[in-house]
Amino acid sequence: MSSEKLISKGAVHSDSFRQCGEMVPIFEELPVATIVSVSRPDTGDISPMLLSYTIEFQYKQQFKWRLLKKASQVLYLHFALKKRAIIEEFHEKQEQVKEWLHSIGIADQTAVVEDDDEPDDGAVPLHNEDSVRNRNVPSRAALPIIRPALGGQQSISDLAKVAMQGYLNHFLGNMDLVNCREVCKFLEVSQLSFLQEYGPKLKEGYVMVKHLPKFSGANSDVASCAGFCLGYCSNNWQKVWAVLKPGFLALLDDPFDTELLDIIVFNALPPSKGNGGSENYLASQIKERNPLRYTFRVASGNQSLRIRTTSNAKVKDWVTAINDAGLRPHEGWCHPHRFGSFAPPRGLTDDGSQAQWFIDGEAAFEAIASSIEGAKSEVFFLPCFHWLMDTFTDYRSQTLQTLNSCFQIFITGWWLCPELYLRRPFSSNSSSRLDALLEAKAKQGVQIYILLYKEVSLALKINSSYSKKKLSNIHENVRVMRYPDRFPTGIYLWSHHEKLVIVDYQICYIGGLDLCFGRYDTVEHKVGDCPPSVWPGKDYYNPRESEPNSWEDVMKDELEREKVPRMPWHDVHCALWGPPCRDIARHFVQRWNHAKRNKAPNEQALPLLMPQHHMVIPHYMGRSREIDIEKRKVEETQNGIQRENSFSSLTPLENIPLLLPQEADGLEPPGVDQKLSAQQMHHYPVDQPNGISGSVSLSSRKPKVEALDPDTQMNGLMDDLYSMDLEIGTNINSVAQSGLTASNEWSESSEESDHAVAADDCGQTGPRTACKCQVIRSVSQWSAGTSQTEESIHNAYCSLIEKAEHFVYIENQFFISGLSGDETIQNRILEVLYRRIVLAHKEQKCFRVIVVMPLLPGFQGGVDDYGAATVRAIMHWQYRTISWEKYSILHKLEVLLGPKTHDYISFYGLRTYGKLFEGGPLSTSQVYVHSKVMIVDDRVALIGSSNINDRSLLGSRDSEIGVVIEDKEFLESSMAGQPWKAGKFSYSLRCSLWSEHLGLHAGEINQISDPVSDSTYTELWLATAKENSIIYQDVFSCIPNDSINSRAALRESMAFWKEKLGHTTIDLGIAPKKLESRENGEIKETDPMERLKHIRGHLVSFPLEFMNQEDLRPVFNESEFYTSPQVFM
């Protein structure tokens, strides 16, 4: 991360090191050159100028590269150095003349000599008094190069080798010379060459580019004008410095520049067309009408660039190098991986892949706040910059200011509120407000990039325009874009739905939580806050009742707290470290650059971004390290070839650590119970457990992100990028030390009138564990600029369900899917669930599917209201999936299984209650299930932003991001009454979720250790949901419920309770002061709390019969009738 600022800061600091004629040196230490071989095109020609030299260069231990240079090119370098030395000497003499003329009173009219002869030479002369001497190469050093023609052919080669080695040693032994522009051009190096975070050094050099977009540049206005005037002559060809890296091709103005002119980030290419079809390539040569023009094209996603060089040989070199970087290794970025994802599985070796879960907003927001606060400027003191500070003391302050920008924060979301407090109570945590946190970091030099979803304002009230204005005014280091623009893109129905926070490529937060109002919540899920102490102003949020109509005063209440409950919010979020974090950051960079090109190509303040690199290796395709290596050696011996490194034929394996697979095929890893079948091991490959314990501690309510041992923190130069995540500094990951523990000032003990849920015994934050992680997503051309649609989230859901052994647990905001043959709904999660249940029934095995979802869609309006067509439409498609009509899974299973259907699959919601204020009425509300999580067999978890519907899963609609997490650490548990090795991450997440839903204390966790046993599923889970549902119905008669089957019945019930209570909520959420019941012919009144105190947790049954006599689709007099049904499903 030492030089990150050189790339991401855009135009803000690109000239910081050029003050007073200075440039940032590329080399920190002297490189070493070795002449590998000498050749010539014609053995009969003994002209020394035709000799070609293969030269291997090594810089530090990490970087090796080879160049093929002709003797003429070396001599040209020599003459260029001599010319530069003469010019610099002239400038020095010129300064002396100026001083003399000033001393005698003559005005300064001295002409300035410009060096325009060499097009590749744009160096600013250095004015050090020793510069001429230091940068001078004696001509006698070059003479031996042209004198090796004496003697036989072998002696000529040997002499030429020695002569060239001697000449190279002259300027490679001088730090001033190796960092001058002429030598750097000869060595084909730039400011990007040796930044480890961008991968090994590959090919570089000057090229001409056709129609280069004017994204940035200090002289872009002048260049634009010049290009307009000379366009017909130059045909819009521009000379740039191209830098090839394993994951992208970057274009710079020159080798010493750090400001991107353009970048092509490599994406997965479309598959070849049939067996005889043409294969797709990143780069391909173009035939020009003029035979003296040499051109090739580079295309990835929706980007395409025409590039021209000076010879046909250079075209072939570039085409080969680019295709090798992206296509030659099957593990490259241009090949899809498991589930069709752009990213491979990570963590099959100790590569730093780690994950940690958070339940509900309190824990997640606390962790996010601590990570943002952890982006400190102590990065100044990374050892790799000590030489810079010591050498350029005059520019120390400029250097430090610019180095601040090596820390970055990426944020994207469906809705973002700048005034959101990440810690509560809000009155004593003003510094934790999101805009305040970002402002503090921006002032320290941290570069912040925020990508907002630009909504259709007529349909949504999230007001991204307001958010952009507020965020953009924070500081110049905060860059904000909204996307997409509706009219130019033609995208009116779909949204950007990801929720991401990435801090300096080190830690990433992913899941269901947007940084917006209404999302902060605790495990108590309180319905009231009057007077306000936790949820200020519009953060007291209930979209079922009303959406905010104005954003001018966010601290002003939208709802009447004395009459209307807030809608509690249940969610699951996740933190990732290591390679998965960089994969997600790469996704953000792709989206940012795509939005930049389409929305703001000429806006200087919004730079293009460059993704950091992590070598892509498909772990899942290998068997074992030893087997692969031995097999490779045998194949290479048989073929008589020496396998070259995937990214650089000159970089040995030991210098760039590959992530080789560790899993065994058909072998059970040590430490895992022998009862694990070969099929299980194939589905969920596990490494040797790092440690197995008998229980998971879920007793801590206070969120805590564990910090690494100090011994593993960053110490010295980052020699190994791929273990960098285990050596990260204390600023980001020592959040445990920085107070990632929720304040309990406001968490007073619950009164009898509140719905107490053993909060102190339910963990909101999971253990930070080493896991196997794979990033998955839903993107397409409109959302990320990819050449093909990616639906790896959909594929992952289907694959994991199909391979499930014992149970599938799902929490999701929506549940809309189709069976085979359904032409309306296209995603097939429902079909896979159906087939897996049928298989379990056929094999007479216990198998459970549990789905937790909202009781009602979280949109404004009562179910029978005229303006609530959206609510009814979503209900229609969900009930069509679950229990209505021939397309539903319950209908199809009941035909086959009868009453046994509910032994295999069942549906639930969450509900809570409490007093709106001290002495106020008792109120209830659904706990809105917004989490997007699936847990399979206590060994695999899928967490992300994707709903279970076509919008989220098809890839061509909403953009989504998620992660599949497979456990590597295991603990003793049970499954179906048998011993079972449960994954530490998945098991602890499920137990914490179930503890909250069932109202369990820490001492009762053992009751849910076996999720499929009758004692857990039937006697605890089902019984709790049924009992809670009955109590809520007796006290509140709240909706939805199974006793209301039509709109007429709903109107009757609403009218009755409004008349009786005088006031109620949109979903009948107010309890009467006394409950009336008949006993022995007499009316008996009881306190509602006498019934409510028997509620345990929040779990209730999902009302499968609610409104089952109605067709809830929009009718002709509703505007939603004229909207495509795809919007709702």
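This structure is a prediction, so every number in the text was calculated from the model and none was measured.

Novice: Give a detailed account of the overall build of the protein chain, specifying residues and quantitative values.
Specialist: Within the protein chain, the secondary structure is distributed over 29 helices and 33 strands. Across the protein chain, contacts joining residues at least 24 apart in sequence account for 75% of those joining residues at least 6 apart. Accessible area for the protein chain stands at about 44,200 Å²; split by element, carbon and sulfur atoms hold 50% of it.

Novice: Explain the environment of Ile584 to me, and be specific about the residues and the numbers.
Specialist: Looking at the element boundaries, Ile584 is found in helix 15 (residues 579-599). Owing to a relative accessible area of 0%, Ile584 belongs among the buried residues under this scheme. C-alpha of Ile584 to C-alpha of Pro611: the two residues are 27 residues apart in sequence and 9.9 Å apart in space. Excluding residues that lie within four positions of it along the chain, Ile584 makes contacts with Leu500, Ile502, Cys508, Ile510, Leu576 and Val775.

Novice: Before we move on, can you summarise helix 28 (residues 1047-1061) with the specific residues and values?
Specialist: Its 15 residues place the ends of helix 28 21 Å apart at the C-alpha level, agreeing with the 21 Å of an ideal helix rising 1.5 Å per residue. When helix 28 is considered as a whole, its buried residues turn out to be Leu1050, Ser1053, Met1054 and Trp1057. Buried residues of helix 28, viewed axially, fall in a sector of 100°; they line one side. In helix 28, those exposed residues whose orientation departs by more than 90 degrees from the buried face are Glu1052 and Glu1059. Where helix 28 ends, the next residue or the one after it, Gly1062, has phi of about 85°, a positive value.

Novice: Give a description of the packing of aromatic side chains that names residues and reports values.
Specialist: All chains considered together, the criterion is met by 30 aromatic pairs. An angle of 50° between the planes, with centres 5.1 Å apart, marks the rings of Trp569 and Tyr928 as tilted. Of this pair, Trp569 sits in strand 17 (residues 569-570) while Tyr928 sits in strand 25 (residues 928-929), and the two are 359 residues apart along the sequence. As far as burial versus exposure is concerned, Trp569 and Tyr928 are alike and both buried. Every member of this aromatic cluster is reached through a ring pair, and the members are Phe27, Phe57, Tyr59, Phe63, Trp65 and Phe194. When the ring centre of Trp237 is taken as reference, the NZ or CZ atom of Arg308 above it lies at 3.8 Å. Sitting over the ring of Tyr520, Arg424 keeps its end group 4.2 Å from the ring centre.

Novice: Lay out unusual backbone geometry in plain terms, naming residues and giving numbers.
Specialist: Leaving glycine aside, a negative phi is the common case for residues, and trans is the common case for peptide bonds. Following Arg424, the chain continues into Pro425 via a peptide bond in cis, with omega recorded as 0°. The residue Pro425 is located in the loop between strand 12 (408-413) and helix 12 (434-443) in this model. In this structure, the amide linkage connecting Cys530 to the following residue, Pro531, adopts the cis form with an omega of 0°. Mapped onto the elements of the fold, Pro531 is located in the loop between strand 16 (507-511) and strand 17.

Novice: Talk me through the pairing of strand 11 (residues 354-359); I want residue IDs and the actual numbers.
Specialist: Counting buried positions over the six residues of strand 11 gives six, a clear majority of the element. Covered by surrounding structure in strand 11 are Gln354, Gln356 and Phe358 together with Ala355, Trp357 and Ile359, the residues of both alternating faces. Note that strand 11 and strand 18 (residues 572-577) share six bridges and pair antiparallel. Counted as the bridge partner of Ala355 is Leu576 from strand 18. Both strand 11 and strand 19 (residues 769-779) contribute to a ladder of two bridges, which runs antiparallel. Opposite Gln354, over in strand 19, you have Ala770 as the bridge partner.

Novice: Account for the environment of Glu918, with residues named and values stated.
Specialist: If you trace the backbone, Glu918 turns up in the loop between strand 23 (905-915) and strand 24 (922-926). Judged by relative accessible area, which is 61%, Glu918 ranks as exposed. With 388 residues separating them along the chain, Glu918 and Cys530 place their C-alpha atoms 8.0 Å apart.

Novice: For the sheet that holds strand 5 (residues 237-245), give the residues involved together with the corresponding values.
Specialist: Reading across the sheet, the seven strands line up as 7-6-5-4-10-9-8 and stay open at both edges, with antiparallel pairing between neighbours. This sheet does not close on itself; its edge strands, each paired only once, are strand 7 (260-265) and strand 8 (283-286). Sheet twist, expressed as the average angle between the axes of neighbouring strands with direction ignored, equals 35°. Pairing geometry for strand 4 (residues 204-210) and strand 5, over seven bridges, is antiparallel. Bridging from a neighbouring strand, Met208 pairs with Lys239 of strand 5. Relative to strand 7, helix 15 is tilted by about 125°, and along the sheet it contacts strand 7 and strand 10 (303-309).

Novice: Please set out a nonpolar patch on the surface residue by residue, giving values where relevant.
Specialist: Judged by side-chain polarity, Val1115, Phe1116, Phe1121 and Tyr1122 come together as a nonpolar surface patch covering roughly 470 Å² of accessible area. Tracing the backbone shows Phe1116 in the segment after strand 33 (1099-1101).

Novice: Give me the lowdown on the nonpolar core, citing residues and values where you can.
Specialist: By size, the foremost hydrophobic cluster in this structure holds 94 residues, and its most contacted members are Ile322, Phe985 and Leu989. Once residues lying within four places of it in the same chain are set aside, the contact partners of Leu989 are Trp357, Ile359, Val572, Val933, Ile935 and Ile943. Judged by nonpolar contacts, the second largest core, of 71 residues, contains Tyr834, Ile889, Phe907 and Val1100.

Novice: Can you lay out the pattern of salt bridges for me, pointing to particular residues and giving the numbers?
Specialist: Taken as a whole, this structure holds 42 salt bridges when the rule is applied. One salt bridge in this structure joins Asp435 and Arg433, with 2.8 Å as the shortest N-O distance. Assigned by exposure class, Asp435 and Arg433 land together as buried. A salt bridge links Asp864 to Arg1047, with the shortest nitrogen-to-oxygen separation between them at 2.7 Å. With Asp864 in the loop between strand 22 (848-852) and helix 22 (869-882) and Arg1047 in helix 28, this residue pair connects regions lying 183 residues apart in the sequence. On the basis of relative accessibility, which here comes to 22%, the residue Arg1047 falls in the partly exposed class.

Novice: Account for the packing of helix 20 (residues 792-802) against helix 21 (residues 829-842), naming residues and giving values.
Specialist: Orientation of helix 20 relative to helix 21, taken along the N-to-C sense of each, is 5°, at an axis distance of 9 Å. As judged from the angle between their axes, helix 20 and helix 21 are roughly parallel. Here His794, Tyr797, Cys798, Ile801 and Glu802 of helix 20 come into contact with helix 21, specifically with Ile829, Val832, Leu833 and Arg836. When the residues that make up the contact of helix 20 with helix 21 are grouped by side-chain class, the tally is six nonpolar, one polar and two charged.

Novice: An account of the sheet that holds strand 1 (residues 32-39) is needed here, citing residue identities and associated values.
Specialist: Read from one edge to the other, the open sheet built from three strands follows the order 1-2-3, with strand pairing classed as antiparallel. Both edges of this open sheet fall to strand 1 and strand 3 (63-70), since each of them pairs with a single strand only. Within the sheet, the average angular offset between the axes of one strand and its neighbour, ignoring direction, is 20°.

Novice: How would you explain the confidence of the model for the protein chain if you had to name every residue and give the values?
Specialist: Summing up the model confidence of the protein chain, the mean pLDDT is 79 and the portion of residues at 70 or higher is 73%. Ignoring residues within four places in sequence, the model shows residues 108-133, a span with pLDDT below 50, making 47 contacts including any to other chains. Ignoring residues within four places in sequence, the model shows residues 216-233, a span with pLDDT below 50, making 14 contacts including any to other chains.

Novice: I'd like a description of the side chain of Glu960, backed by residues and values.
Specialist: For Glu960, the position within the fold is in strand 28 (residues 960-967). Although Glu960 lies buried, it forms no salt bridge, and the closest oppositely charged side chain, Lys499, sits 6.1 Å away as judged by the N-O distance. Within the structure, the side chain of Glu960 is placed 2.6 Å from the side chain of Ser945, a separation counted as a polar contact. One polar contact links Glu960 to Ser952, side chain to side chain, over a distance of 2.6 Å. Those residues within four positions of Glu960 in sequence are excluded, and the remaining contacts are His497, Glu498, Arg777, Ser778, Ile793, Ser945, Ser946, Asn947 and Ser952.

The rules behind the values
Residues numbered from 1 in each chain as written. Predicted model: local features only at pLDDT ≥ 70, side-chain atom pairs only at ≥ 80, totals over all residues. Heavy atoms only, no water. Helix = DSSP H or I, 4+ residues; strand = E, 2+ residues; numbered from the N terminus. Contact = heavy atoms within 4.5 Å. Areas by Shrake-Rupley, 256 points an atom, 1.4 Å probe, with all protein chains shown as cover. Buried < 20%, exposed > 50% of the residue type's maximum accessible area, 1.4 Å probe, protein only. Expected span 1.5 Å × (residues − 1). Arc of directions from axis to C-beta. Phe/Tyr/Trp six-rings, centres within 6.5 Å; stacked < 30°, edge-to-face > 60°. Lys NZ or Arg CZ within 6 Å of the ring centre and 35° of its normal. Pairing = 2+ DSSP bridges. Axes fitted to C-alpha atoms, helices over the stretch in contact; angles between N-to-C directions. Patch = residues over 30% accessible without salt bridge, like charges linked within 9 Å, V, L, I, M, F, W, Y side chains within 5 Å. Salt bridge = Lys/Arg side-chain N within 4 Å of Asp/Glu carboxyl O. Core = buried A, V, L, I, M, F, W, Y, C linked by side-chain atoms within 4.5 Å. Parallel < 35°, antiparallel > 145°, perpendicular 65-115°, else oblique. Nonpolar A, V, L, I, M, F, W, Y, C, P; charged D, E, K, R; others polar. pLDDT = per-residue confidence, 0-100. Lys, Arg positive; Asp, Glu negative; His and termini not counted. Polar contact = N/O pair within 3.5 Å; in protein donor to acceptor, adjacent residues only side chain to side chain.

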